[in-house]
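In case you want the letters, here they are:
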Amino acid sequence: MKKPKKYWKGLEELNKDSDFEKDKHKEFPNFLPFEKGILEENGVSRDRRDFLKMFGFGVAAVSLASCEMPVQKAIPYLNKPEEITPGVANWYASSYSEGGDYCSILVKTREGRPIKIEGNELSNITRGGVSSRVHASILGLYDIDRLKNPLKAGAESSWEEVDEEIIAKLSAIKEKEGNIIILTSTIISPSTKRVISDFIENYPTAKHITYDPVSYSGIINANEKCFEKPIVPSYNFDKANVILSFGADFLGTWLSPIEFTKQYVKNRRPENGSMSRHIQFETNLTITGAKADVRVPIKPSQIGIAVLNLYNHIAKSTGAAAVSVDKFELAGNLIENTAKELLKNKGKSLVISGSNDAAIQEVINSINELLGNYTSTIDLNNPSNQKQGNDGVVATLVKSMNNGDVDGLLMYNVNPVYNYTRPDEFKEGLKKVGLKISFCGKNDETASFADYNCPEDHYLESWNDAEPKKGYFSICQPTIRTLFNTRPAQESLLKWSGNNQKYYDYIRKYWRENLFTQQNKYLSFKTFWNKCIHDGVFELNHEPSQSNEFKGDVESASNSIKGNYSISNSTLELVLYEKVAIGNGNEANNPWLQEVPDPISKATWDNYVGISPRLAKELDLKQEDVVSVSAEGVSSIELPILVQPGQAYKTVAIALGYGRTKAGRTADGVGKNAYPFATVIDGNVQCFNKNVQLSKLDGTYPLAQTQTHHTYLGRPIIKETTLEEYKNDSKAGNLDREVVKKNLVTLYDKFEPKGHHWAMVIDLNACTGCNACVVSCGAENNVPVVGKNEVKLRREMHWLRIDRYYSSSADDDHVPEEDNPEVTFQPMLCQHCDNAPCENVCPVAATNHSSEGINQMAYNRCIGTRYCANNCPYKVRRFNWFDYAATDGFPYNEKDLWPGEKDDWGMLEDLPRMALNPDVIVRGRGVMEKCSFCIQRIQAGKLDAKKEQRNIKDGEVKSACQQSCPANAIVFGDLLDPESEVSKLYKNDRMYHVLEELHVLPSVGYLTKVKNKNKDDNKDV
Amino acid sequence: MGKMITCFFKTFLIFFILTLLFPFSSFSEDKALVIDANALFKANCKTCHTIGKGVVVGPDLKDFHTRQTLEWALPWIRSSQTVIRSGDDYAVSLYKEYNDVEMPDQTLNDDEITAIYNYIKEESAKVPATAGVGLEGEGLTKADDSGDMYLIILIVILLILSVVLNKVVSTLNALVREKQGLSQDTRTDVGKFQDLLIQNKPIVTIAVIIGLIFGMREGIQALSNLGIQHKYAPEQPINFPHDKHAGEMKIDCKYCHSGADKSKNAGIPSANVCMNCHSVIKKDAPEIQKLYSAIKNNQPIQWIKVHNLPDHVYFNHSQHVKVGGIECQKCHGPVEEMKVIEKHEAITMGFCINCHRETAVKFTENAYYDDKFEELHEDLKNKKIDMVTVKDIGGTECQKCHY
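Novice: Give me the lowdown on the overall build of chain B, citing residues and values where you can.
Specialist: A tally of helices and strands in chain B yields 18 helices and one strand. Taken over 403 residues, chain B has a buried fraction of 30%. Counting contacts in chain B only where the partners sit at least 6 residues apart, residues at least 24 apart contribute 66% of the total. Of the roughly 26100 Å² of accessible surface on chain B, a fraction of 62% belongs to carbon and sulfur atoms.

Okay, here's the thing in structure tokens:
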């Protein structure tokens, strides 16, 4: 008989680590007084008498505090704007764009303060999806480390002074015909591009160079060679039946993850009868690899060879010329079989690579060409503008800066001192530049070298536009008056080009002249403009994709590949990757993003050396051991070890975006900067290094991982099956549910919902683990940030967590289970059980059941016994050990217990507190909290319906997590409405409840995961 | 001994009653008449007229008695239009001068008009020739203050008196003892009191128990009243009379508190809402001038919040006003009678819950309820219940208000 699959959350669970075994049954592993150890370390002692003193003080303080009734003021507007009603949210359509990352959004503002971002469903690119970074950008607006005034040589100055001097200096450079360089990140705003070209017209020696820290110039170069189009094409994952990705994390970080996730899940619904098949070759385990049907760990130095081998298999069948290359075959003839599958789906397949090597991309292009994928799954005629950086040009710039050939450097949204591969070279060159101007909103690593800092507005404060993809236009409008004395970079450039226009007028003019003329729906520009502002997007008719003549030269590309890649490289290799939340590190100074656990490693507040378990064993390295990572020509960095199942053997992985030094008080000193380890092939920066050395240092460095917090200890939580089995029986993988349901008995009365019965269904097949929902939930519900030390003590406060389970087939003995486990994500939140075990044990009835099926939590009633958390089988209750959100005035309640350690992430100041949702209370110390099913949204939805005297519509009330999910994995609604989406999903054969046998009657259902696996896939790897 | 105590109590009681009577007797009769006229003037004339503070809508009434006689004023005040139509020169010219604005007819009797006429005469004399902006109402407040003052002085005098009398009694007692040849009572007053306590143990015990119960009850009451601010009526930056606006003028609450049926907050009106009327009416009144200076200086008016709910309570005005159709007065009290706004109800959780238990929802009128709560619909039809309360549809559950 087939042994059941084994699920485990971390290696400590798999290996039955003693520390893990000790604490596994405890909801709260440490006992009171929990400060003891910490306080003793700091030379403070407390005894029984102190307790009495503190008790006495507490009673006195509480009575004193309650005696004082502060005078509260109600300050109305002097002249209230017509569109604002205090207490009613205003929504504005806008666009998030940050170095090419794009999302069409709706911004919720209350009394003029932006407080929440949601997706804009009118956009055909992001289709209402949002990522964690987009959600968190609202906190970036209230970042206390932003520049408040323009700076001149580091000292605060005024715009008049700065403008006058800059214009004089620029004119001087112009007169002597010196070089002015405008160095920017990818710009997707057509108006901004026009501003830059206006500037260049005014200063004819000026040149615009685009620089992306994680660049895609390999793709651009390859497309130039193959199709004479230096562009990044747009991809259609929804049209592909077979997706093969060589290291492209397209669901997490590659190019346009929100767009791709929306497309990808369209073709992953087993109810449709078919599912796309997804094969992923990659080095470090990404969420894309986790979602893949087949995942192959491969060294970065092997990718080129694997691509060439695949090419040869396909060329052989299509009659194209093969290239000579060493045969590279994985177990089970994987490459050959994949080639067969791809050939079977000609025109309906998609091969991509995350490599930045133009030669590899050229071969990939040629494979797609042979498979006939251009015009169907790849569109060259409607290119993506989201990445435009060119590594070669940037390298030339750095060289000429060092030669002293650059007289003026204007830096917009770039930070090369931090993220350039050779930061020292750039720094040296920068010193030789006569005039350095930065538009950065912060005095960051690069901006601090500038002569003038002309801080730009946050995107939520300013007008802008965007064209992320050809023909897809988008408006960015301000949602708040500028908080500080800042100005759009475009306005600065306009001013210096002698144009005193406001940027808003400039955009309007651009749209009037260029976009209004391209449509015929609106006769007057005013109505057209108002419509665009209202919708946030304006989309032209999609240009039909045409076939392009392929002019690539696979033979020469293969020669280049053979020079750089090999099957058996004996040295240790390093792969550099972006984390889903932190990305390239530009927005690292954001506590929400730092605290969101990495979807795979579940680590927070750090980067680390991810190493495969096998290699760790060989090198005798253990979790949290500190190692020094060094490579030729790079100064070494010291990082802790994180043993990462799924990491390719003989490779290590380090995340980019950490080790900031001047990002602000949240990000500074968190992790180490790994950008310098990148290497260059053919002028393009590659995110890997083929030869690094690890040397073990003394001591350990603690990592704050959440992976084994809240474990279920081998109870069956995850259900999964394969597409094949599902087709035979739609209850496949979920057959035991019938048995469980038959055996349920209870002593309690049956719960009868009244009015509504709110419930949720989460599709495990769709969830990519991207964490957008976690950040969205935090923003909506004022979930506090607790900091690394608290996370380490299992005190993270997220109401919604995403459990990541590794699994391995127990009958498959020849592969060590931790080398390439399968991965399943399971969002876990309060299940709102109708027989809730937490409710019975609360001594003060602070948690009880509402007639609408919601497990309610009355914070002001809670006395903090934590019985409920101990009794919750899902471990979703969170306790406020401290006054994390600073709701009261007692400093001791806040977290000042760890002097010297980093805990000041700036969340307790007034400015970031402006992001709090005024409709949800901020919880204080000593109370339990948990998911409320976004009760404030339910109540608001009901109220709207009652005001309009109508029934509530299905889909009208959306929970924050559901709203943000780019994978549409979460459905929320009313079970008493038989037509609601959630009622229909409740009848789905894949639906099950976690721990249903306990008969707690949860209101959250899960849909069985279905993998499109072949029978022998397991043996392949 | 007992007799002495009784005697002492008697004296005290008499004085106490006298104290209570004193304030009532201290007001003179002619003052009452002035106050009466003052009130009449405030109620009927003040909206449009001032005495020595310039033109509001109608003319400044300073020295009115020198311009017209009481005989002319009587028919004029009762019906100005009749006088104008009769062709009275002064009346017609006045009407023209003030842009054909009619003075509304006043239903006042001759005595009242006479009182007002005399009041204007008196007040005119008080206004100095160079009439500046004075602080109105100041005099009245002072009079009230002095009343309190008298009371405090009186109590102090009485206390001194009772101590003196007590001393006299004890001295006399001592004299009597001396005369009767008894030994001097060497015990101190405190000692005597202790003896008294020891002799009457049951009474003392009962008294202590009663005292404790009473004290605890008061203590708990006081503690539970902490932060409730019942009857809280702070001084506002602008002395806004709700009685005038909502009472006399019958301006709808939602005209100013326009968020009440749309939003969670009813909203304090912004200055531009005040200006809808006060750009014309009573522009020169000192309280209105505060409004003007706020706008001029671009400084919002900092009202003091009277109805403070704790942070852990979510209250939505539109839910109650628009959906529930609840009158504002249900929670805010008779605002239309309040000179100074005060927190009329305690607005505690008990207050809310009670109302939710007793108040009917618009169950059959609102289509929202149509396909829900089948049982309640059934019961209503079968006359098992005569209404559906907020509680019946879950209105007393925690997360209806706390989230």
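Novice: An account of the packing of helix H11 (residues 300–318) of chain A against helix H20 (residues 554–564) of chain A is needed here, citing residue identities and associated values.
Specialist: Helix packing geometry: the angle between the two helix axes and the distance between the axes. All names here are of chain A. Relative orientation of the contacting elements H11 and H20 amounts to 150 degrees, with a least axis distance of 9 Å. Taken together, the axes of H11 and H20 are roughly antiparallel relative to one another. The hand of the H11/H20 crossing is left-handed. Taking contact as the criterion, the partners of Gly304, Ile305, Leu308 and Tyr311 in H11 are, on H20, Val554, Ser558, Ile561 and Lys562. A breakdown of the residues in the contact of H11 with H20 according to their chemical character gives five nonpolar, two polar and one charged.

Novice: Summarise the side chain of Asn316 of chain B; cite the residues concerned and give the values.
Specialist: Of note, Asn316 of chain B is situated in the loop between strand E1 (303–304) and helix H15 (317–323). A distance of 3.1 Å separates polar atoms of two side chains, one belonging to Asn316 of chain B and the other to Tyr314 of chain B. Contacts of Asn316 of chain B, omitting those with residues within four sequence positions, involve Leu943 of chain A together with Ser263 and Lys264 of chain B.

Novice: Just give me the short version of the nonpolar core, but keep the residues and values in it.
Specialist: One broad rule of soluble globular proteins: the nonpolar side chains tend to lie buried together. Residue and element names in this part refer to chain A. Counting residues in each nonpolar core, the largest one holds 182 residues, and the members touching the most others are Tyr235, Trp254, Phe677 and Phe933. When neighbours within four sequence positions are excluded, Tyr235 is seen to be in contact with Ile219, Trp254, Leu255, Phe260, Gln263, Leu350, Ile352, Thr377 and Ile378. Residues Ile182, Leu493, Trp511 and Phe538 belong to the second largest nonpolar core, which totals 40 residues.

Novice: Give me the lowdown on helix H18 (residues 374–381) of chain B, citing residues and values where you can.
Specialist: Residues spaced three or four apart along an α-helix point in a common direction, a consequence of the helix completing one turn every 3.6 residues. All names here are of chain B. Every buried residue belonging to H18 is among Leu376, His377 and Asp379, and all of these are buried. Burial along H18 is one-sided: seen end-on, the buried residues are contained in an arc of 165 degrees. Those residues of H18 that are exposed and aimed more than 90 degrees away from the buried face are Glu374, Glu375 and Lys381. Looking at the residues trailing H18, positive phi occurs at Lys383, about 60 degrees.

Novice: Any details on unusual backbone geometry? Residues and values, ideally.
Specialist: The backbone of Ala153 of chain A shows a phi angle near 50 degrees, a positive value even though the residue is not glycine. Of the residues examined, Ala153 of chain A reaches a relative accessible area of 65% and is grouped as exposed. With phi around 55 degrees, Lys250 of chain B is a residue other than glycine that occupies positive phi space. By relative accessible area, which is 68% here, Lys250 of chain B ends up exposed.

Novice: Give a description of a nonpolar patch on the surface that names residues and reports values.
Specialist: Residue and element names in this part refer to chain B. Together, Met149, Ile152, Ile153, Val156, Ile157, Ile160, Val164, Val168, Leu172 and Leu175 line one region of the surface with nonpolar side chains, adding up to about 900 Å² of accessible area. Position of Val168 relative to the elements: it lies in helix H8 (residues 138–179). Judged by its relative accessible area of 38%, Val168 falls in the partly exposed class.

Novice: Tell me about the interface of chain B and chain A, and please be specific about residues and values.
Specialist: Taken residue by residue, the interface counts 49 residues in chain B and 49 residues in chain A. Taken together, the two surfaces of chain B and chain A that pack against each other cover about 4300 Å², and 57% of this comes from carbon and sulfur. By the criterion of area lost to chain A, the three top residues of chain B are Tyr368, Gln399 and Tyr403 of chain B, representing 19% of everything that side buries. Applying the counting rule to chain B against chain A returns two salt bridges. Here Asp919 of chain A ties to Lys264 of chain B by a salt bridge, and the two come within 2.8 Å at their closest N and O atoms. Joining chain B to chain A, the criterion identifies 20 residue pairs in polar contact (both at pLDDT 80 or more). Residue assignment for the side of chain B that touches chain A shows that the elements contributing at least two residues are helix H13 (271–278), helix H14 (286–296), E1 and H15 of chain B. Broken down by element, the side of chain B that touches chain A gets its largest block of residues, four residues, from H15 of chain B. Residues belonging to the side of chain B that touches chain A are distributed by class as follows: 19 nonpolar, 19 polar and 11 charged. Summarising the sheet, strand E2 (residues 73–74) of chain A and E1 of chain B pair through two bridges and their orientation is antiparallel. Bridging from a neighbouring strand, Lys73 of chain A pairs with Ile304 of chain B of E1 of chain B.

Novice: Quick rundown of empty space enclosed by the protein? Include the residues and the values.
Specialist: All names here are of chain A. In this structure, the largest cavity encloses a volume near 920 Å³. What lines the largest cavity is a set of 46 residues, and nearest its centre among them are Glu98, Asn413, Glu456, His458 and Asn586. Listing elements by their share of the lining of the largest cavity, those giving two or more residues are strand E3 (90–98) and helix H5 (132–141). Counted by class, the lining of the largest cavity contains 13 nonpolar, 21 polar and 12 charged residues. Taken as a whole, the second largest cavity spans an internal volume of roughly 530 Å³. Taken together, 31 residues line the second largest cavity, and the ones lying closest to its centre are Gly247, Gly354, Ser355, Leu576 and Cys687. Contributing elements (two or more residues each) for the lining of the second largest cavity: strand E12 (277–282), H11, strand E22 (573–577) and strand E29 (684–686). It is E22 that provides the largest number of residues to the lining of the second largest cavity, a total of three residues. Residues belonging to the lining of the second largest cavity are distributed by class as follows: 16 nonpolar, 12 polar and three charged.

Novice: Account for the side chain of Ser79 of chain B, with residues named and values stated.
Specialist: Residues and elements named next belong to chain B. Looking at the secondary structure, you find Ser79 in the loop between helix H4 (70–78) and helix H5 (80–85). Overall, Ser79 belongs to the buried group, its relative accessible area being 16%. Looking at Ser79, its side chain comes within polar contact range of the side chain of Thr82, at 2.4 Å.

Novice: Account for the sheet that holds strand E17 (residues 435–438) of chain A, with residues named and values stated.
Specialist: All names here are of chain A. Taking strand neighbours across the sheet as the criterion, the seven strands line up as E7-E6-E18-E17-E16-E8-E9 in an open arrangement whose pairing is mixed. Each end of this open sheet is capped by a strand with a single partner; those strands are strand E7 (155–156) and strand E9 (206–210). As paired strands, strand E6 (residues 151–152) and E7 are joined by two bridges and run antiparallel to one another. Each bridged residue has a counterpart across the sheet, and for Lys152 the counterpart in E7 is Ala155.

Novice: Explain helix H13 (residues 358–370) of chain A to me, using residue names and the numbers behind them.
Specialist: Residues and elements named next belong to chain A. Taking 1.5 Å of rise per residue, 13 residues should cover 18 Å, and H13 covers 18 Å from first to last C-alpha, within 8% of that figure. Of all 13 residues that make up H13, 11 are buried, and the element is covered over most of its length. Within H13 the residues assigned to the buried category are Ala358, Ala359, Ile360, Gln361, Glu362, Val363, Ile364, Asn365, Ser366, Ile367 and Asn368. Of the residues flanking the start of H13, the one acting as N-cap is Asp357, its side-chain oxygen 3.0 Å from the backbone nitrogen of Ala359. In the segment just after H13, Gly372 is the residue with positive phi, at about 70 degrees.

Novice: Talk me through a negative patch on the surface; I want residue IDs and the actual numbers.
Specialist: Taken together, Glu752 of chain A together with Glu374, Glu375 and Glu378 of chain B make up a surface patch of like negative charges. Counting through the fold element by element, Glu752 of chain A comes out in the loop between helix H24 (736–742) and strand E34 (758–763).

Criteria and thresholds
- Residues numbered from 1 in each chain as written.
- Chains lettered and ligands numbered in written order.
- Predicted model: local features only at pLDDT ≥ 70, side-chain atom pairs only at ≥ 80, totals over all residues.
- Heavy atoms only, no water.
- Helix = DSSP H or I, 4+ residues; strand = E, 2+ residues; numbered from the N terminus.
- Buried < 20%, exposed > 50% of the residue type's maximum accessible area, 1.4 Å probe, protein only.
- Contact = heavy atoms within 4.5 Å.
- Areas by Shrake-Rupley, 256 points an atom, 1.4 Å probe, with all protein chains shown as cover.
- Axes fitted to C-alpha atoms, helices over the stretch in contact; angles between N-to-C directions.
- Parallel < 35°, antiparallel > 145°, perpendicular 65-115°, else oblique.
- Left-handed = near helix turned anticlockwise from the far one by under 90°.
- Nonpolar A, V, L, I, M, F, W, Y, C, P; charged D, E, K, R; others polar.
- Polar contact = N/O pair within 3.5 Å; in protein donor to acceptor, adjacent residues only side chain to side chain.
- Core = buried A, V, L, I, M, F, W, Y, C linked by side-chain atoms within 4.5 Å.
- Arc of directions from axis to C-beta.
- Patch = residues over 30% accessible without salt bridge, like charges linked within 9 Å, V, L, I, M, F, W, Y side chains within 5 Å.
- Salt bridge = Lys/Arg side-chain N within 4 Å of Asp/Glu carboxyl O.
- Buried area = accessible area lost by both parts, 1.4 Å probe.
- Pairing = 2+ DSSP bridges.
- 1 Å grid on protein atoms, 1.4 Å probe; cavity = no way out; pocket = protein on both sides within 12 Å on 5 of 7 lines; lining within 4 Å.
- Points joined across faces, edges and corners; volume = space filled by probe spheres on them.
- Expected span 1.5 Å × (residues − 1).
- Lys, Arg positive; Asp, Glu negative; His and termini not counted.
- Charge placed at Lys NZ, Arg CZ, Asp CG, Glu CD.

Nothing here speaks to function; it is geometry throughout.
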